[in-house]
Amino acid sequence: MMRIKQSILICFGMALALMTVGTASADVWNVYPGDSIQDAIDAASNGDTIIVHTGDSILDAIYVEHVVVDKEITIKSSSHAIVLADAPDVDTFNVTANNVTIDGFCVLGTTTAAGIYLDGVEGCTVTNNVLLNNNYGIHLDDSSNNTLTSNTASDNGNGIKLGNSNSNNLTSNTASNNTGHGIYLRNASNSTLISNTASNNGWGGIYLDSLNNNNTLTNNTASDNDRGIYLYLSSNNNTLTSNTANSNNRDGIFLVESSNNTLTSNTALNNGNGINLYSSSNNNLTSNTMSDNYYGISLYLSSNNIIYNNCFNNTNNVAEDGTNIWNSTEMVTYTYNGSNYVNYTGNYYANDYANNSSNDVDGDGIGDTPYGNDSYPLMFCPVIIETPTPTEELETLKEYVNGLDVSSSTTKILNAKLDAVINKLDKGDNEEAIENLEEFIEVVEKMVEKGSLTDEEANYIINEAESIIELIQNSEG
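A brief structural summary. Model, not experiment: these values are computed from the prediction. (Residues numbered from 1 in each chain as written. Predicted model: local features only at pLDDT ≥ 70, side-chain atom pairs only at ≥ 80, totals over all residues. Heavy atoms only, no water.)

### Points about the packing of aromatic side chains
Move 1: Scanning the entire structure with this criterion turns up 15 aromatic pairs.
Move 2: Centroid distance tyrosine 349 to tyrosine 371: 3.8 Å. Interplanar angle 10°. Geometry classified as stacked. In this pair, tyrosine 349 sits in strand β39 (residues 348–349) while tyrosine 371 sits in the loop between β39 and β40 (384–386), placing the two residues 22 residues apart along the sequence.
Move 3: Classification of tyrosine 349 by relative accessible area gives buried; the value is 1%.
Move 4: Among the aromatic residues, those joined into a cluster by ring pairs are Tyr184, Tyr207, Tyr230, Tyr232 and Phe254.
Move 5: Stacked on the ring of tyrosine 230, the Lys or Arg arginine 227 has its end atom at 5.2 Å from the ring centre. (Phe/Tyr/Trp six-rings, centres within 6.5 Å; stacked < 30°, edge-to-face > 60°. Helix = DSSP H or I, 4+ residues; strand = E, 2+ residues; numbered from the N terminus. Buried < 20%, exposed > 50% of the residue type's maximum accessible area, 1.4 Å probe, protein only. Lys NZ or Arg CZ within 6 Å of the ring centre and 35° of its normal.)

### What to know about the pattern of salt bridges
When the charged atoms of two side chains with opposite charge come close together, those side chains can pair.
Move 1: This structure, assessed with the given rule, holds four salt bridges.
Move 2: Notably, a salt bridge pairs aspartate 209 with arginine 186, separated by 2.7 Å at the nearest N-O pair. Here aspartate 209 is found in strand β22 (residues 204–209), whereas its partner arginine 186 is found in strand β19 (residues 183–186), with 23 residues between them in sequence.
Move 3: Owing to a relative accessible area of 37%, arginine 186 belongs among the partly exposed residues under this scheme.
Move 4: For aspartate 226, the salt bridge is made with arginine 250, and the minimal N-O distance between the two is 2.7 Å. Here the residue aspartate 226 occupies a position in the loop between β24 (221–223) and β25 (227–232), and arginine 250 occupies one in the loop between β26 (239–241) and β27 (251–256), the gap between them amounting to 24 residues.
Move 5: Its relative accessible area of 36% is what places arginine 250 among the partly exposed residues. (Salt bridge = Lys/Arg side-chain N within 4 Å of Asp/Glu carboxyl O.)

### Quick look at the sheet that holds strand β32 (residues 289–291)
Move 1: Taken together, four strands build an open sheet; the order of strands is β29-β32-β35-β39 and the sheet is parallel. A strand with exactly one partner marks an edge of an open sheet, and here the two such strands are β29 (267–269) and β39.
Move 2: Here three bridges tie β32 to strand β35 (residues 311–313), and the two strands are oriented parallel to one another. Counted as the bridge partner of methionine 290 is phenylalanine 312 from β35. (Pairing = 2+ DSSP bridges.)

### Side note on a nonpolar patch on the surface
Move 1: The grouping of Tyr278, Tyr300 and Leu301 at the surface amounts to a nonpolar patch, some 310 Å² of accessible area in total.
Move 2: Relative to the elements of secondary structure, tyrosine 278 occurs in strand β30 (residues 273–278).
Move 3: What makes tyrosine 278 partly exposed here is its relative accessible area of 39%. (Patch = residues over 30% accessible without salt bridge, like charges linked within 9 Å, V, L, I, M, F, W, Y side chains within 5 Å. Areas by Shrake-Rupley, 256 points an atom, 1.4 Å probe, with all protein chains shown as cover.)

### Some thoughts on a negative patch on the surface
Move 1: A contiguous patch of negative charge on the surface is contributed by Glu431, Glu435, Glu438, Glu439, Glu442, Glu445, Glu449 and Glu466.
Move 2: Element by element, the count of residues in the negative patch is highest for helix α5 (residues 430–450), at seven residues.
Move 3: Among the residues examined, glutamate 435 registers a relative accessible area of 34% and is labelled partly exposed. (Lys, Arg positive; Asp, Glu negative; His and termini not counted. Charge placed at Lys NZ, Arg CZ, Asp CG, Glu CD.)

### Section: α5
Move 1: The end-to-end C-alpha distance of α5 is 30 Å, a good match for the 30 Å that 21 residues give at a rise of 1.5 Å each.
Move 2: Looking only at α5, the buried set comprises Asn430, Ala433, Ile434, Asn436, Leu437, Phe440, Ile441, Val444 and Met447. End-on, the buried residues of α5 take up no more than an arc of 160°, which puts them together on one face. Opposite its buried face, α5 presents the exposed residues Glu431, Lys446, Glu449 and Lys450, each directed more than 90 degrees away.
Move 3: Those residues of α5 hidden inside the fold are in contact with α3 (390–402), α4 (408–426) and α6 (455–474).
Move 4: Positive phi appears at glycine 451, one or two residues downstream of α5, with a value of about 85°. (Expected span 1.5 Å × (residues − 1). Arc of directions from axis to C-beta. Contact = heavy atoms within 4.5 Å.)

### Observations regarding the state of the cysteines
Move 1: Applying the stated criterion across every chain, the model contains one disulfide.
Move 2: Across the disulfide from cysteine 311 sits cysteine 381; the S-S distance is 1.3 Å. On the sign convention where negative is left-handed, the bridge of cysteine 311 and cysteine 381, at about 75° about the S-S bond, is right-handed. Within this pair, whereas cysteine 311 is found in strand β35, its partner cysteine 381 is found in the loop between β39 and β40, the two being separated by 70 residues in sequence.
Move 3: With a relative accessible area of 9%, cysteine 311 lands in the buried category.
Move 4: Using a relative accessible area of 31% as the deciding quantity, one classes cysteine 381 as partly exposed. (Disulfide = S-S within 2.5 Å.)

### Examining the pairing of strand β5 (residues 74–77)
Two faces make up the sheet, and in a regular strand the side chains alternate between them.
Move 1: A one-sided burial pattern is seen for β5, the buried positions being Ile75 and Ser77 and the unburied ones Thr74 and Lys76.
Move 2: Pairing between strand β2 (residues 49–52) and β5: four bridges, direction parallel. For threonine 49, the partnering residue across the bridge sits in β5 and is threonine 74.
Move 3: Bridging between β5 and strand β8 (residues 101–103) involves three bridges; their strand directions are parallel. Paired with lysine 76 across the bridge in β8 is aspartate 103.

### Section: the sheet that holds strand β13 (residues 136–141)
Move 1: One open sheet holds the 12 strands; their spatial order is β4-β7-β10-β13-β16-β19-β22-β25-β27-β30-β33-β36, and the pairing between them is parallel. Only two strands of the sheet have a single neighbouring strand rather than two, namely β4 (67–69) and β36 (316–320). For this sheet the average axis-to-axis angle between neighbouring strands, irrespective of direction, equals 5°.
Move 2: By the bridge criterion, four bridges tie strand β33 (residues 295–300) to β36 in an arrangement that is parallel. Pairing of leucine 299 across the sheet is with glutamate 320, part of β36. (Axes fitted to C-alpha atoms, helices over the stretch in contact; angles between N-to-C directions.)

Now the structure itself:
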């Protein structure tokens, strides 16, 4: 009861700060202290708006009821009206109609149900609400294509939960100090989470639990939780970009039995493990920063993950028992000390490798000796990758051809073909350039048949030529 009283005081303070005057019209229903929100819904029609007002005292800001929203309407508070559940086991707002908007309420007190519950609906918007002391702050069940934005869910069991709910958009919500998870997705796919904050939660900050596929997480912050961002049991094909997972008790980002995920430009600082992969394979990790963790990256029972251009500066940078790929799978053009180079790139390992200049005698920014399984450890971070033009890629391919141990006639033929392609590109004739590259590939295949090139040499040349064709097709002009 003390927690409820404290929450009411918080909400009433917000109400006084935000108090405005509602404007009535034919399709606007005004609810004042002493009235019932449910009565207004029952009287309204699809498309109407209900405005809930507060009075000058804390008691006049409180509506004690549970509300069933079964019409396509907008319900908004003029100044963060407090809706207190009239029983601990009912959803305070139970939305059963599509295209409902709930805006600007303080919802609390349903200890075994949800503050706002979307039940089998779509097209709804839940925005600017504060959810306190509920079992679930906001709960979506079998509900897709909804928008949750700028809500605060604190001191609940779980802050925001999506169960069996796909293609939802969560933007700029705060889920903090919940005893369970901040944002919790279970069997929820194709959703977008952007700029949400999940902090000081008892379990996961952002938790994707079982069969969560094709979700996009961008610019979220998950800090001071037990685990920051947690992908569990067949959470596959998700994209995590520019998220921050700092100061979590165990893991910044944790993947369990989850594959084909892409982690790019994320930051994990001061966790037990910066990034932890357990029984998770075929994931791509590039341009992430892991610093001041006990382990920068931990991989157990995890293989075939591609890990490159990451920055490690930890007590222990790597723990691994599988077979993973620790460098780019193609040569890239990068900048180091003001010069451009072309090579495969691995990862940067501070303290125990990168700060020893004797590891890079030729000064190209790539260490001369491997670091564990990384054959191309970097001497610098971050990696500056230059986007090559088709002509630059052709020149790189010519360098490879010129370095082959083949006859001079073979080298001359291949160079002449590549020069013809460059000439067409210089003239802006992309179509002819592509046709010349296709002819070049045919020449390479014939050279294999004649024994002028090995299968390995030819496969590399053909793969590069096909990549250049794709680059030309995707380029402007």
